[in-house]
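# Commentary on secondary and tertiary structure
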There are 2 protein chains.
Amino acid sequence: MIRHFDKASILEAESFFRRDLINSLSGYKSLNLIGTKNKIGTTNLSPFSQVFHIGATPPTVGVLFRPHTVERHTLENILETGFFTLNHVTEEFYKEAHQTAARYEESEFEAVGLKEVYFDNFFAPFVASSPVKVACSLLESITLQVNETVLVVGSIEHVYVEDKGLNADGSLDLEKLGTVTCSGLDTYYLGKKLARLSYPKPGKPLQEI
Amino acid sequence: MIRHFDKASILEAESFFRRDLINSLSGYKSLNLIGTKNKIGTTNLSPFSQVFHIGATPPTVGVLFRPHTVERHTLENILETGFFTLNHVTEEFYKEAHQTAARYEESEFEAVGLKEVYFDNFFAPFVASSPVKVACSLLESITLQVNETVLVVGSIEHVYVEDKGLNADGSLDLEKLGTVTCSGLDTYYLGKKLARLSYPKPGKPLQEI
């Protein structure tokens, strides 16, 4: 059986139903903890599921921020200082990662018990236990007319990855790294690999590589 | 052991290495087939991993397009006609989904053997076998200065979901739906649920819900 919702019925639904449904529609989402620090030295850590690849040359990443939600400190710190970090989340600390979304007055690192660490004099803090850490500097921020969400475009300055998860061709083995994915607002998953597929060409059968 | 790449070493690496590494950094990605049709009636289908939630009120989704890649027909059709569909991919047809990225002259639906279907007089085609189908109309397109990728902002007009995967609160059960996720350019996964977690508040222990 197929359930159908048109735009009118979505807008008439209870707000929690609309929020959970629409948040789920894109499918599995990337999950990263974003680490920042404000000018007076207070660190901040918050989970984000709207981080996406923009380009490899130059290496560039995008993050979409909703201005009036719990992620506000993160956006303010990025606009104020120009720096942030992305940190993959694993099964060992996904509950602490979820808890960083609570509205703390103090640093979320201390509040939830995740250790902050610094490398190569980069201004923003990394999550020590994360198997993939990415240092980014602010390139551009764009406010979308539709709902005033803010797209932050970041330049990738440093990548730190546990070598057990780095394939010879540069791709990451997310299963070996233990990276967690999420859906909607609050559901967490591990990945179970189906296959890696060869480059697709017309008339040529795909192979698992 | 941690491997460190700074921006200079990323830019000096072989292009395949840079592409695979940077494409993997965000973690697991959403996977959707985007269905479009041009003005003269030729349909197009292509896989996208840069689809993300923008907002629930109004229901809005974002897709990032690289102008000079295989996805070009999709972007041209959206800008020309104003309509597109998002379709979740399952284990049953993820290889056909991957194959739609080949450079076909004819419609990818026919070329790879996926059936197109239409509902509610919506202009763009859906993938019949997809458990989650979303009809979108073009709201806004924004070209990013950094590399001329194009962000398409879509208004969600219709949602069709198999009811086995629709929870009472509106969220989707991606495991029951069989939705596939991907990483990098060519690796596909199913999700294995860890937990759904309660709303985080300072000082309040999280619960699995």
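What you see is a predicted model; the values in this text were computed from it and never measured.

### Here's the deal with the overall build of chain A
Counting its regular elements, chain A contains 6 helices and 12 strands. By its C-alpha atoms, chain A is 60 × 50 × 35 Å across when sized along the principal axes. When the 209 residues of chain A are sorted by exposure, 62% land in the buried category. Once the 20 positive and 26 negative side-chain charges of chain A are each reduced to a mean point, those two points are 6 Å apart.

### Here's the deal with the packing of aromatic side chains
Here the structure, examined in full by the defined rule, presents 21 aromatic pairs over all chains. Pairing B:F83 with B:F123 gives two aromatic rings, centres 6.2 Å apart and planes at 45°, and the pair type is tilted. Of the two residues, B:F83 is situated in strand β6 (residues 83-88) and B:F123 in the loop between β7 (116-117) and β8 (126-127); the sequence distance between them amounts to 40 residues. For B:F83, a relative accessible area of 30% gives the class partly exposed. We classify B:F123 as partly exposed; its relative accessible area is 28%. In this structure an aromatic cluster arises from ring pairing among A:F83, A:F119, A:F122, A:F123, A:F126 and A:Y160. Taking NZ or CZ as reference, A:K37 lies 4.6 Å from the ring centre of A:F123, over its face.

### Side note on the environment of A:R66
Residues and elements named next belong to chain A. Mapped onto the elements of the fold, R66 is located in the loop between β5 (59-65) and α3 (72-81). R66 sits in the partly exposed class, given a relative accessible area of 28%. Separated by 73 residues in sequence, R66 and L139 place their C-alpha atoms 18 Å apart.

### Some thoughts on the pattern of salt bridges
Between side chains of opposite charge, pairing is possible as soon as their charged atoms come close. Applying the stated criterion across every chain, the model contains 14 salt bridges over all chains. Across the pair B:E157 and A:K7 runs a salt bridge, and its minimum N-O distance is 4.0 Å. Of this pair, B:E157 sits in strand β10 (residues 150-162) while A:K7 sits in helix α1 (residues 7-12), each in a different chain. A salt bridge links A:K164 to A:E162, with the nearest nitrogen and oxygen atoms 3.3 Å apart. For A:E162, a relative accessible area of 22% puts it in the partly exposed group. Within this structure, A:R19, A:D20, A:D186, B:D169 and B:R196 form a network of salt bridges that share partners.

### Here's the deal with the relation of the copies chain B and chain A
Once chain B has been moved 0.0 Å along the axis and rotated by 180°, it coincides with chain A to within an RMSD of 0.0 Å. Such a combination of turn and shift is consistent with a two-fold rotation axis. Within chain B, B:G191 has its C-alpha nearest the rotation axis, a separation of 2.4 Å. The share of interface residues of chain B whose copies in chain A are also at the interface is 100%, consistent with both copies meeting through the same surface.

### As for helix α3 (residues 72-81) of chain B
Residues and elements named next belong to chain B. Residues of α3 that are buried include every one of T74, L75, N77, I78 and T81, and no others. On an axial view of α3, the arc spanned by its buried residues comes to 165°, and they lie on one face. The elements touched by buried residues of α3 are β2 (32-37), β3 (43-48), β5 (59-65), β6, β9 (132-143) and β10. G82, located one to two residues past α3, shows a positive phi value of around 90°.

### Digging into the state of the cysteines
On inspection of all chains with the given rule, the structure shows 0 disulfides over all chains. For the unlinked cysteine A:C182, the closest cysteine sulfur is that of B:C182, found at 14 Å. A relative accessible area of 5% means that A:C182 is categorised as buried.

### Focus: the interface of chain B and chain A
Contact with chain B, which involves 105 residues of that partner, is made by 105 residues of chain A. Between chain B and chain A, the buried area comes to about 9400 Å², and carbon and sulfur atoms account for 64% of it. Looking at the side of chain B facing chain A, the largest losses of area belong to B:Y28, B:H53 and B:L194, adding up to 9% of the total buried there. Where chain B meets chain A, there are 8 salt bridges. As a salt-bridge pair, B:K95 and A:E208 come within 3.0 Å of each other at their nearest N and O atoms. Where chain B touches chain A, the interface holds 44 residue pairs in polar contact (both at pLDDT 80 or more). The residue inventory of the side of chain B that touches chain A, partitioned by class, reads 50 nonpolar, 30 polar and 25 charged. As defined by bridge partners, strand β1 (residues 2-6) of chain A adjoins β10(B) across 5 bridges and the pair is classed as antiparallel. Bridge pairing links A:R3 to B:V161 in β10(B).

What counts, and at which threshold
- Residues numbered from 1 in each chain as written.
- Chains lettered and ligands numbered in written order.
- Predicted model: local features only at pLDDT ≥ 70, side-chain atom pairs only at ≥ 80, totals over all residues.
- Heavy atoms only, no water.
- Helix = DSSP H or I, 4+ residues; strand = E, 2+ residues; numbered from the N terminus.
- Buried < 20%, exposed > 50% of the residue type's maximum accessible area, 1.4 Å probe, protein only.
- Lys, Arg positive; Asp, Glu negative; His and termini not counted.
- Charge placed at Lys NZ, Arg CZ, Asp CG, Glu CD.
- Phe/Tyr/Trp six-rings, centres within 6.5 Å; stacked < 30°, edge-to-face > 60°.
- Lys NZ or Arg CZ within 6 Å of the ring centre and 35° of its normal.
- Salt bridge = Lys/Arg side-chain N within 4 Å of Asp/Glu carboxyl O.
- Least-squares fit on C-alpha atoms with pLDDT ≥ 70 in both.
- Contact = heavy atoms within 4.5 Å.
- Arc of directions from axis to C-beta.
- Disulfide = S-S within 2.5 Å.
- Buried area = accessible area lost by both parts, 1.4 Å probe.
- Polar contact = N/O pair within 3.5 Å; in protein donor to acceptor, adjacent residues only side chain to side chain.
- Nonpolar A, V, L, I, M, F, W, Y, C, P; charged D, E, K, R; others polar.
- Pairing = 2+ DSSP bridges.

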